[in-house]
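Inside the fold
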Amino acid sequence: MVEAVLIDLFSLPANLPYNIQGLLHNTLETMEKCSSVHAPCVYVMCCQRQGSERKGEQEFLLPALRGFQSLKRRLEVVSAQTTAAALYTIKQRLDEKDLSIIKVILPTLRKDLMKVYIDHLFTAVYQFEFEDLQVVSDFESLQISEPQHEGQTLPSQDVALIRSEIQMYLESLPSLKGELTILRSSLIPDDIFLHGFTTRTGGISYIPTLSSCNLFSSSKRRDPQVVVKENLRRIANAAGFNPEAFHRVKIDHANAVCIMGKTEPDNYDGIVTNQKGVTLAAPGADCIPVLFADPVRRACGAAHSGWKGTLLGVSMATVNAMVSEYGCNMKDILVVLGPSVGPCCYKLPHESAEEFHRIDPKCVRLFDSASPYIDIRRATRILLERGGILPENIQDDSITDQNQNITFCTACHPDKFYSHFRDGTNFGTQIGFISIKD
């Protein structure tokens with residue numbers, strides 16, 4: 001059943017207010033009588049002309065809105081200077097109420113245009129259906145400016161203009177939940193490498209579990225790719241890297257490694273390069289974002305190490321790739337473990353805990369319980385040291401100077417980090433990133 005209705009009056013000329021009032025009145029009257037859209041929230045989207053006030057737009061629509069008592073408390077007029085701004089505002093209203101099934105009532109000539117906006121600003125979580133706006137008799141001569149016909153694909157230049165409009169609007173939005181913060185390790189030399197670990201502050205994502213600097217989008221979450229891209233642009237500006245030369249691992253929770261410049265695997269949890277100006281990144285919300293740097297051979301890498309990847313040795317697989325591809329020496333490679341779920345919070349079923357216990361009993365606490373606590377950081381360090389990485393070249397939560405610690409527990413710090421373990425399936429994501437300076 002439809003949960004919300006969007007009535008698109010954005011393109012209708014403001015110099016014909018009475019025609020618009022009649023059109024809106026008839027549409028609402030039909031909706032109120034229609035059982036298929038019983039008790040929906042209704043959003044009327046219209047254009048706020050340059051210099052006009054929002055309330056002015058609502059005032060000329062008020063005569064059409066009066067009398068619809070069943071819709072009164074669920075009806076809102078949203079006016080903005082661009083379609084992107086109006087639609088994104090409505091998206092926030094939908095997300096506040098956790099609404100996902102939306103009927104869009106709009107002029108036929110706006111349909112293809114609106115679909116492009118929706119494709120960019122929404123994800124597959126939402127379901128849209130479209131219905132033509134029924135024109136009242138004294139409205140039939142009104143000419144609508146868009147030259148498109150239903151079912152016709154928008155020209156590429158029109159799509160590019162829509163993308164540009166959306167990007168400009170998102171760039172104008174203020175940062176949420178505080179200033180953007182990037183954590184850096186003192187172990188990695190900053191005269192050779194640019195690196196850091198992001199936190200959750202300083203982005204524009206507004207959904208509570210994703211706010212505010214979420215850096216991952218999927219069909220199962222409400223944060224669209226354009227919002228993630230804007231968050232990344234802000235990170236790149238603050239850190240000093242090029243977001244167009246940015247490569248993130250394609251998570252498989254295994255141990256495959258991508259060598260930049262060679263054929264890219266379908267999925268991989270490690271990535272390495274010796275190319276300057278290319279930024280590598282690994283996500284993490286409880287899993288460990290691990291960064292690797294060799295200042296002698298000037299090579300670097302990033303890996304995503306969850307509990308499965310840790311057991312499969314993804315960190316040493318990344319190290320071995322640097323050795324085999326770039327001639328790195330084990331004793332020169334520096335490894336930093338970023339924010340991740342700590343042994344204070346992380347539990348696994350006993351069967352999985354047994355595998356960590358085999359690496360070292362100290363990796364497991366309350367081993368005899370049904371769900372023991374697991375230290376995936378300690379396991380990662382042990383496997384790296386066994387592989388030949390010097391103990392002093394690994395930075396993790398065992399660091400003695402806590403002022404230098406960046407391996408915080410993500411689950412323990414909801415104000416600073418995202419956590420799948422803490423927040424559930426609709427969780428946000430931070431990253432660790434590294435590049436070789438030009």
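First things first, this report covers the structure right here in the doc. It should be emphasised that the depicted structure is a prediction, and the values quoted were computed from it without experimental measurement.

The rules behind the values
Residues numbered from 1 in each chain as written. Predicted model: local features only at pLDDT ≥ 70, side-chain atom pairs only at ≥ 80, totals over all residues. Heavy atoms only, no water. Phe/Tyr/Trp six-rings, centres within 6.5 Å; stacked < 30°, edge-to-face > 60°. Buried < 20%, exposed > 50% of the residue type's maximum accessible area, 1.4 Å probe, protein only. Helix = DSSP H or I, 4+ residues; strand = E, 2+ residues; numbered from the N terminus. Pairing = 2+ DSSP bridges. Core = buried A, V, L, I, M, F, W, Y, C linked by side-chain atoms within 4.5 Å. Contact = heavy atoms within 4.5 Å. Salt bridge = Lys/Arg side-chain N within 4 Å of Asp/Glu carboxyl O. Arc of directions from axis to C-beta. Axes fitted to C-alpha atoms, helices over the stretch in contact; angles between N-to-C directions. Parallel < 35°, antiparallel > 145°, perpendicular 65-115°, else oblique. Left-handed = near helix turned anticlockwise from the far one by under 90°. Expected span 1.5 Å × (residues − 1).

Time to look at the packing of aromatic side chains. For any pair of aromatic rings, geometry is given as the distance between the ring centres together with the angle between the planes. Scanning the entire structure with this criterion turns up nine aromatic pairs. Ring centres of Phe 241 and Phe 246 lie 5.8 Å apart, and the angle between their planes is 15 degrees; this geometry places the pair in the stacked category. Here Phe 241 and Phe 246 have matching classes, each one buried. By the ring-pair criterion, three or more aromatic residues cluster together here, those being Tyr 88, Tyr 169 and Tyr 206.

With five of six residues buried, strand S4 (residues 101–106) lies mostly within the body of the structure. Sheet topology places strand S1 (residues 4–8) next to S4; four bridges connect them, and they run parallel. Bridge pairing in S4 links Leu 6 to Val 104. Where S4 meets strand S5 (residues 127–132), six bridges bridge the pair, whose relative direction is parallel. If you follow Ile 101 over to S5, its bridge partner there is Gln 127.

Turning to unusual backbone geometry, a few remarks are in order. Here the residue pair Ser 211 and Ser 212 is connected by a cis peptide bond, since its omega of 5 degrees sits within 30 degrees of zero. Of note, Ser 212 is situated in the loop between strand S7 (193–198) and helix H6 (225–239). If you check the backbone angles, Lys 177 has positive phi at about 60 degrees while not being a glycine. The topology assignment puts Lys 177 in the loop between helix H5 (156–172) and strand S6 (182–183).

With 41 residues, the main nonpolar core has Leu 6, Met 45, Leu 87, Tyr 88, Leu 94, Ile 166 and Leu 170 as its most contacted residues. For this core, the secondary structure elements donating two or more residues are S1, strand S2 (41–47), strand S3 (75–80), helix H3 (83–96), S4, helix H4 (111–121), H5 and H6. The element contributing the most residues to this core is H3, with seven residues. When sequence neighbours within four positions are dropped, the list of residues in contact with Met 45 reads Leu 6, Ile 7, Asp 8, Leu 9, Phe 10, Val 78, Thr 83, Ala 86, Leu 87, Ile 90, Arg 110 and Met 114.

Once that is clear, we can look at the pattern of salt bridges. Applying the stated criterion to the full structure yields 19 salt bridges. The shortest N-O distance in the salt bridge between Lys 103 and Glu 129 comes to 2.8 Å. Here Lys 103, found in strand S4, pairs with Glu 129, found in strand S5; they are 26 residues apart in sequence, far enough to count as distant. Overall, Glu 129 belongs to the partly exposed group, its relative accessible area being 36%.

Attention now moves to the pairing of S7. Counting buried positions over the six residues of S7 gives six, a clear majority of the element. In S7, alternate side chains face the same way, and those of Phe 193, His 195 and Phe 197 on one face and Leu 194, Gly 196 and Thr 198 on the other are all buried. Looking at chain direction, S6 and S7 are connected through two bridges and run antiparallel. The residue bridging Leu 183 from the neighbouring strand is Phe 197, located in S7.

Sheet architecture is open: five strands sit in the order S6-S7-S18-S11-S8, paired in mixed fashion. The open sheet has two edge strands, S6 and strand S8 (246–248), and neither has a second partner.

Attention now goes to helix H9 (residues 350–359). Looking only at H9, the buried set comprises Ser 352, Ala 353, Phe 356 and Ile 359. Around the axis of H9, the buried residues are gathered within 100 degrees of arc, so they sit on the same side. Along H9, the residues that are exposed and aim more than 90 degrees away from the buried face are Glu 351 and Arg 358. Contacts from the buried residues of H9 go to helix H7 (307–311), strand S15 (364–365), strand S16 (373–374) and helix H10 (376–387).

Relative to each other, H3 and H5 sit at 60 degrees, their axes nearing to 9 Å. One way to sum up the angle between H3 and H5 is to call them oblique. The crossing of H3 and H5 is right-handed. Of the residues in H5, those in contact with Thr 83, Ala 84, Ala 85, Tyr 88 and Thr 89 of H3 are Glu 165, Ile 166, Tyr 169 and Leu 170.

Moving on, we get to H5. Look at H5: 24 Å from first C-alpha to last across 17 residues, which is about the 24 Å you get at 1.5 Å a residue. For H5, the complete set of buried residues consists of Val 159, Ile 162, Ile 166, Tyr 169 and Leu 170. Across the axial projection of H5, the buried residues extend over an arc of 100 degrees, all falling on one side. Turned more than 90 degrees from where H5 packs its buried face, Ser 156, Leu 161, Met 168 and Ser 172 sit exposed. Elements in contact with the buried residues of H5: H3, H4 and H6.

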